[in-house]
Amino acid sequence: MKFILLFISLSIIIAVLLCNVLIVKLERNSMNITFQCFMNMSALVIMMYLAAVFVNSHKGALVFYAFYYLFMDILLILLFAFIMMYTQRTAFNKRCMNIIMIGGLVDGIIQLLNIQMQKLYSVQFVMDRSGYMFYRVVNRTGYFVFHLAFCYILIILICFRLLRKSVRTSSVFRGKYLVVLSLIVISVIFNALYMTLGIEYDSSVILYGVLSVALFYFLYYYKPSGLIDNLLSYIVKSSEDVVLCFDIHGKYLNANEIGKNRLRVSRANIDLELRYKELLENKNLHNISELTWKEEFTENNSSRMYEVKYKKLKVKGKDIGSYLVLHDLTEEIIKNQDNHYKATHDLLTGIYNRDYFYKQVTECLKTIDEPYCMVCTDIRNFKMINDIYGKQMGDEILIKVAGSLKRLLKGKEFCCRLRDDRFAVCMPCKSFDEEFFKREIYYISKKIGMSIPVNMYVGIYEISDPTLEVSVMCDRAYLAINTVKDNYQGLVVYYDDKLRKDVQREQRIVNEFSDAIAASQFQLFLQPQVRYDGSICGAEALIRWIHPELGIIPPFEFINVYERVGFISRLDLYVWEQACKLLSKWRDEGHDNMYISVNISPKDFYYLDLYSVFTGLVEKYKIHPSRLHLEITETAVISDIDKQGLLIEQLRDYGFYVEMDDFGSGFSSLNLLTRLNVDTLKIDMGFLRKSGQSTKSDEIIRSVIDLAKELDIHVITEGVETEEQLNLLREMGCRMFQGYYFAKPMKATEFESQYLLNNGV
Ligand code: C2E
Ligand code: CA
Ligand code: CA
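Below or above, wherever it landed, is the structure these notes cover. (Residues numbered from 1 in each chain as written. Chains lettered and ligands numbered in written order. Predicted model: local features only at pLDDT ≥ 70, side-chain atom pairs only at ≥ 80, totals over all residues. Heavy atoms only, no water.)

### Comments concerning the coordination of the calcium ion (ligand 3)
For step 1, the next point in the chain: Every protein donor of the calcium ion (ligand 3) is listed here as Asp-661 (OD), Asp-662 (OD) and Glu-718 (OE), and their distances to the metal cover 2.0 to 2.4 Å.
For step 2, the next point in the chain: Motif for the calcium ion (ligand 3), donor spacing along one chain: D-D-x55-E.
For step 3, the next point in the chain: In this structure the calcium ion (ligand 2) is found 3.9 Å away from the calcium ion (ligand 3), and Asp-661 serves as a bridging donor for the pair.
For step 4, the next point in the chain: You can call Asp-661 buried: its relative accessible area is 6%. (Donors = N, O, S within 2.8 Å, 3.2 Å for Na, K, Ca; no water. Buried < 20%, exposed > 50% of the residue type's maximum accessible area, 1.4 Å probe, protein only.)

### Focus: the coordination of the calcium ion (ligand 2)
For step 1, the next point in the chain: Looking at the metal site, the calcium ion (ligand 2) is ligated by Glu-540 (OE), Asn-599 (OD1), Glu-631 (OE) and Asp-661 (OD), spaced 2.1 to 2.3 Å from it.
For step 2, the next point in the chain: Mapping the donors of the calcium ion (ligand 2) onto the primary sequence yields the spacing E-x58-N-x31-E-x29-D.
For step 3, the next point in the chain: Since its relative accessible area comes to 1%, Glu-631 is described here as buried.

### Observations concerning the sheet that holds strand S9 (residues 372–379)
For step 1, the next point in the chain: Spatial strand order, S8-S10-S11-S9-S12-S13: six strands in an open sheet with mixed pairing. Either end of the sheet is taken by a strand with one partner, and the two such strands are strand S8 (352–353) and strand S13 (491–495).
For step 2, the next point in the chain: The pairing of S8 with strand S10 (residues 414–419) spans two bridges and is classified as parallel. Along S10, the bridge assignment pairs Asn-353 with Arg-417. (Pairing = 2+ DSSP bridges. Helix = DSSP H or I, 4+ residues; strand = E, 2+ residues; numbered from the N terminus.)

### Considering the layout of surface pockets
Summary: where empty space remains is shown by rolling a probe the size of a single water molecule over the atoms.
For step 1, the next point in the chain: The computed volume of the second largest pocket comes to approximately 520 Å³.
For step 2, the next point in the chain: Around the second largest pocket sit 18 residues that line it, and Asp-502, Val-503, Glu-506, Val-561 and Arg-564 are the ones nearest its centre.
For step 3, the next point in the chain: The set of elements that each furnish at least two residues to the lining of the second largest pocket consists of helix H16 (470–482), helix H17 (497–511) and helix H19 (555–565).
For step 4, the next point in the chain: If you tally residues by element for the lining of the second largest pocket, the top one is H17, at eight residues. (1 Å grid on protein atoms, 1.4 Å probe; cavity = no way out; pocket = protein on both sides within 12 Å on 5 of 7 lines; lining within 4 Å. Points joined across faces, edges and corners; volume = space filled by probe spheres on them.)

### What to know about empty space enclosed by the protein
For step 1, the next point in the chain: Using the criterion set out here, one finds four cavities of 30 Å³ or more in the structure.
For step 2, the next point in the chain: If you trace the largest cavity, you find 15 residues lining it, with Met-72, His-147, Leu-148, Asn-191 and Tyr-208 closest to the centre.
For step 3, the next point in the chain: Mapped by element, the contributors of at least two residues to the lining of the largest cavity are helix H3 (58–86), helix H5 (144–168) and helix H6 (171–197).
For step 4, the next point in the chain: In terms of residue count, H5 provides more of the lining of the largest cavity than any other element does, six residues in total.
For step 5, the next point in the chain: Per-class residue counts for the lining of the largest cavity are twelve nonpolar, two polar and one charged.
For step 6, the next point in the chain: Each pocket or cavity is described by its volume, and for the second largest cavity that value is around 50 Å³.
For step 7, the next point in the chain: Along its surface, the second largest cavity is lined by Phe-38, Leu-75, Leu-76, Leu-79, Ile-155, Ile-184, Ser-187, Val-188, Tyr-208 and Leu-211.
For step 8, the next point in the chain: Broken down by secondary-structure element, the contributors of at least two residues to the lining of the second largest cavity are H3, H6 and helix H7 (204–221). (Nonpolar A, V, L, I, M, F, W, Y, C, P; charged D, E, K, R; others polar.)

### Points about the nonpolar core
For step 1, the next point in the chain: Counting 80 residues, the largest nonpolar core has Phe-522, Trp-576 and Phe-614 as the members making the most contacts within it.
For step 2, the next point in the chain: Filtering out sequence-adjacent residues up to four positions away, Trp-576 remains in contact with Val-598, Asn-599, Ile-600, Asp-604, Leu-608, Leu-610, Val-613, Phe-614 and Leu-617.
For step 3, the next point in the chain: In this structure, Ala-43, Ala-61, Leu-79 and Phe-134 belong to the second largest nonpolar core, which totals 73 residues. (Core = buried A, V, L, I, M, F, W, Y, C linked by side-chain atoms within 4.5 Å. Contact = heavy atoms within 4.5 Å.)

### Looking at the site of ligand 1
For step 1, the next point in the chain: Not every one of the 20 residues close to ligand 1 is listed here, only the nearest: Gln-527, Arg-544, Asp-572, Glu-721 and Tyr-740.
For step 2, the next point in the chain: In the model, an oxygen atom of ligand 1 is placed 3.2 Å from a nitrogen or oxygen of the Glu-540 side chain.
For step 3, the next point in the chain: Asn-599 places a side-chain nitrogen or oxygen 3.0 Å from an oxygen atom of ligand 1.
For step 4, the next point in the chain: Here ligand 1 has 800 Å² of accessible area as a free molecule, and 79% of this is covered by the chains.
For step 5, the next point in the chain: Where the shell around ligand 1 is concerned, the elements lending two or more residues are strand S15 (536–547), H19, helix H20 (568–588) and strand S19 (657–663).
For step 6, the next point in the chain: If one sorts the elements of the shell around ligand 1 by residue count, S15 sits on top with four residues.
For step 7, the next point in the chain: Its residues assigned to classes, the shell around ligand 1 comprises eight nonpolar, five polar and seven charged. (Near = heavy atom within 4 Å. Polar contact = N/O pair within 3.5 Å; in protein donor to acceptor, adjacent residues only side chain to side chain. Areas by Shrake-Rupley, 256 points an atom, 1.4 Å probe, with all protein chains shown as cover.)

### Section: the environment of Lys-316
For step 1, the next point in the chain: For Lys-316, the position within the fold is in the loop between strand S6 (302–315) and strand S7 (318–328).
For step 2, the next point in the chain: A relative accessible area of 85% places Lys-316 in the exposed class.
For step 3, the next point in the chain: Remark: the alpha-carbon pair of Lys-316 and Asn-256, spanning 60 residues in sequence, is separated by 25 Å.

### A few points about the packing of aromatic side chains
For step 1, the next point in the chain: Within the structure shown, the criterion is met by 40 aromatic pairs.
For step 2, the next point in the chain: Relative to Tyr-132, the ring of Phe-3 has its centre 5.2 Å away and its plane inclined at 75 degrees; by these criteria the two rings are edge-to-face. Placement of Phe-3 in helix H1 (residues 2–24) and of Tyr-132 in the loop between strand S1 (122–127) and strand S2 (133–138) is noted, with a sequence separation of 129 residues between them.
For step 3, the next point in the chain: A relative accessible area of 44% means that Phe-3 is categorised as partly exposed.
For step 4, the next point in the chain: Take Tyr-132: its relative accessible area is 36%, and that puts it in the partly exposed class.
For step 5, the next point in the chain: Arranged with centres 6.0 Å apart and planes meeting at 85 degrees, the rings of Tyr-611 and Tyr-654 form a pair that is edge-to-face. Residue Tyr-611 is located in helix H22 (residues 610–620), and its partner Tyr-654 is located in helix H24 (residues 641–654); the two are separated by 43 residues in the primary sequence.
For step 6, the next point in the chain: Accessibility expressed as a relative area gives 30% for Tyr-611, which makes it partly exposed.
For step 7, the next point in the chain: Given the relative accessible area of 27%, Tyr-654 is considered partly exposed.
For step 8, the next point in the chain: Linked through ring pairs, Phe-35, Phe-38, Phe-82, Tyr-86, Tyr-177 and Phe-216 together constitute an aromatic cluster. (Phe/Tyr/Trp six-rings, centres within 6.5 Å; stacked < 30°, edge-to-face > 60°.)

Honestly, it's all geometry; don't read function into it.
This is the structure:
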């Protein structure tokens, strides 16, 4: 008997040691460490008991039994701590744990003292039924009850905790706690039996080892199949997907809740079976073990899109049926469609946005077999409309424009809102109809009912190179639009190569301005002004750009550009300064009877303080102000006659001569003269003649000369090209002339050598 106990005990100790090896591989958390200590302590308890049973001395038996009880206390404390962690009672009372530790300590001391005092129990050398002698605990006194109480209280607490947890937890996990509880209860029952029935050897000792090994197995290795089955069935039940099971003959077996609700299979099994069989036939699923496809189902009169997964169920190679999983894609599709719409459309007008348009057009142009064009629109006065009528009106116009453009879309066309008030349409050239745009612009203006018309421009780039970036195509269409000056009618403008070159040249003119000024590439040319008798009284300063690569650039190429970009004042200041330098040089050379007329751009009136500029210049170069004639235009003064009139007055008072240039080319000329005092009127003959009605223009010149005489204003006619014109002008009473008939504008040096020495033509 004694040796059977030894054999079993040793086997269990070996098992515990093996478990030790396995537990080391697991995660090192406090629960696992506590469990490992518990296991090892159970081995120690067994060892102590074996030692007590096998020892031959009385004293030795007392020592081993003392340690046996001491280790038992520690074993239970560890089990308690482990169970608390296992049942997730991490926050159990620290005080409670301290009391338990103190209890264990007191019992341990008492047990050790008993070696000497034997007040708890004593040991006796007895013979077992097989005739073997061993030391057995006898004469347990009332003090021993403390040890028993300590142990049983701990066991009760442990069992209570496990019971409580198993009741409270979901039935799925209940088994996890009940297994542990039953093992503990069995061990305790064996122990109690030993105590009460007076069994020779304490077999419950072995049970502690068995308990620890069994616990190890249940906790770490055994996955209860019931638990997994339960979990899986819960997953299926609570799944958002429809799951339907069929037997090998395609007969419907069951579905999860959502499946029953969605497809009403509980009431319409037959339909479903038919449907399923049909599917099997159609998709030829008999020979396939799994397949996924997308399918639309009609539910409550609305259709929903599902991803259907079919799978055959096999156990050990034999078919046992099949199942379908239907994943509802409808919401995803709607969401995707919504996101796609937002990403590709302009939300205000509902047409494509720029990026998507670029993408679509790029794709389309790869496959076209006919010429396409890029049509871009721009509402010039959109900002003004927004400012005056409000953003809502602006939005309404944009929606209307988009609505008009949409009507162009017949399959091969694309349109989009590029940004703000800019739209683009890419369409076959043959479908483009200028009239459509003119009509639509008119229609929108009328429909909106504003007092100012929508001033929309349309630029067209006929796509000669479909591999160009779409943004470049749009830029070209806008280049065409930008060449249009203020013109308050809907206008259609084409981009062509000349335009591209013009724009490039214009860009160059702007970019090179500062360098050209610094390098003195701008030069003053002079065109003589001639008296009635042919003598020269002065000259008009006309600027030329002597470009190192492009040659002589005439002013009409750059004056307007510089007026637009704001460089004109810098150029004019430069010209005026050059003119004053020349005048001061001439004065020094004794030609102070000569004057120079300089041109003043209308923009100069805004950007410069003209009075101080001109007075400053004549003072700086010490020239008489009457030597500098100032040529102004109607456009410069017309916007604010009072203010500019005063300035002109001040300049004249100072001694400058003010000339009204291009008189007659504007629209309010005669009326202007009554409100503005100038010294000279300059009539552009060429300009008047361009109208083609020479008799009428002659009449105008004649009446302007008469009027000027009456108002005591000098008249000079420019653009005189022929003797005939000269004679006619003389006959009309004009006394001063300028024109190619006398001389073209020439370099200052040339002018000096030609006219300053002999003063005549
Ligand atoms: P504008 O002030 O009316 O100058 C007269 C223009 O008529 C000059 O052209 C001149 O060369 C041209 N011209 C003179 N006689 C005849 C003729 O018999 N027949 C024809 N067909 N044309 C004649 P240009 O030099 O090309 O200047 C063009 C315009 O550029 C000028 O018109 C003036 O408005 C502007 N401009 C020229 N220089 C300057 C400047 O320094 N500053 C500013 N702001 N504008 C200038
Ligand atoms: Ca002029
Ligand atoms: Ca002129």
